[in-house]
Amino acid sequence: MSQVVVGPGAQVFMHFNVELPDGSVADSTRAHGKPARLTLGDGSLSPAMEAELMGLAKGDKKRFSLAPEHAFGQPNPDNVHHMDRTQFAADAELSEGTIMAFTAADGNQYPGVIRSVEGDSVTVDFNHPLAGQTVLFDVEILDILAKEA
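What comes next concerns the included structure. (Residues numbered from 1 in each chain as written. Predicted model: local features only at pLDDT ≥ 70, side-chain atom pairs only at ≥ 80, totals over all residues. Heavy atoms only, no water.)

### Structural notes on the overall build of the protein
Here is step 1 of the chain: In terms of regular secondary structure, the protein is built from two helices and nine strands.
Here is step 2 of the chain: The N-to-C order of helical and strand elements in the protein reads β-β-α-β-α-β-β-β-β-β-β.
Here is step 3 of the chain: Taking 15 Å as the expected radius of gyration for a compact globule of 149 residues, we find that the protein reaches 19 Å, considerably beyond that expectation.
Here is step 4 of the chain: Seen through its C-alpha atoms, the protein measures out along the principal axes to roughly 65 × 35 × 30 Å.
Here is step 5 of the chain: Carbon together with sulfur atoms contributes 51% to the accessible area of the protein, which is approximately 9,100 Å² in total.
Here is step 6 of the chain: Here the protein carries 10 positive and 21 negative side-chain charges, and the mean point of each set is 11 Å from the other. (Helix = DSSP H or I, 4+ residues; strand = E, 2+ residues; numbered from the N terminus. Rg over C-alpha atoms; globule rule 2.2 N^0.38 Å. Areas by Shrake-Rupley, 256 points an atom, 1.4 Å probe, with all protein chains shown as cover. Lys, Arg positive; Asp, Glu negative; His and termini not counted. Charge placed at Lys NZ, Arg CZ, Asp CG, Glu CD.)

Written out as structure tokens, the structure reads:
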């Protein structure tokens, strides 16, 4: 029996670290003790990320970097919103750098980072916190479930 490798439609269980160019770890499944489960081809991963994982087998480890356009994208100015202070709870902690969850009209929640507070105007950035960054992925393949034929 041949060894299962990552291919189109495969479910991949893996640990990963996302590191910034300065070496700091932005996210880590290892830190949470809970591996990620991803399905190739479902649109949750960029084509460049999928290309890096293709052909890896259980137990394989790999480090690779992705440019912003292949990772979390470039910051979009349309994702920065100016909101009125009255739209927040009276006791909300509105300081620069605070990350808050916002509920959209569709009921989904989105994280936003408070960029500035000036009088009654609060600037909230809904871009991914890693947008515009080149990131380094350190992955370890734990298991692979090949797509059913």
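### Some points on the environment of L56
Here is step 1 of the chain: Along the chain, L56 falls in the loop between α2 (47-53) and β4 (61-66).
Here is step 2 of the chain: The class of L56 is buried, set by a relative accessible area of 11%.
Here is step 3 of the chain: In this structure, the C-alpha to C-alpha distance between L56 and V12, residues 44 residues apart in sequence, is 10.0 Å.
Here is step 4 of the chain: Here L56 is in contact with V4, V5, V6, K62, V139, I141 and I144, once residues within four sequence places are set aside. (Buried < 20%, exposed > 50% of the residue type's maximum accessible area, 1.4 Å probe, protein only. Contact = heavy atoms within 4.5 Å.)

### Things to note about the packing of aromatic side chains
Here is step 1 of the chain: Inspection of the entire model under this criterion finds four aromatic pairs.
Here is step 2 of the chain: Residues F88 and F102 carry aromatic rings whose centres are separated by 5.9 Å and whose planes lie at 85° to one another, so their mutual orientation is edge-to-face. Residue F88 is located in the loop between β5 (80-84) and β6 (99-103), and its partner F102 is located in strand β6; the two are separated by 14 residues in the primary sequence.
Here is step 3 of the chain: Overall, the relative accessible area of 9% leaves F88 in the buried class.
Here is step 4 of the chain: Between F102 and F126, the aromatic rings sit 5.1 Å apart at their centres with planes inclined by 75°, giving edge-to-face as the arrangement. Of the two residues, F102 sits in strand β6 while F126 sits in the loop between β8 (121-125) and β9 (135-145), which places them 24 residues apart along the sequence.
Here is step 5 of the chain: A relative accessible area of 13% places F102 in the buried class. (Phe/Tyr/Trp six-rings, centres within 6.5 Å; stacked < 30°, edge-to-face > 60°.)

### A few points about the nonpolar core
Here is step 1 of the chain: M14, M49, L53, F137 and V139 are the most contacted members of the largest nonpolar core, which totals 22 residues.
Here is step 2 of the chain: Elements that contribute at least two residues to this core include exactly β1 (11-19), β3 (36-39), α2, β4 and β9.
Here is step 3 of the chain: The element that contributes the greatest number of residues to this core is β9, accounting for five residues.
Here is step 4 of the chain: Setting aside residues up to four positions removed in sequence, V139 forms contacts with M14, H15, F16, R30, L53, L56, D60, K61, K62 and F64.
Here is step 5 of the chain: Within the second largest apolar cluster, eight residues are counted, among which are A92, L94, I114 and V124. (Core = buried A, V, L, I, M, F, W, Y, C linked by side-chain atoms within 4.5 Å.)

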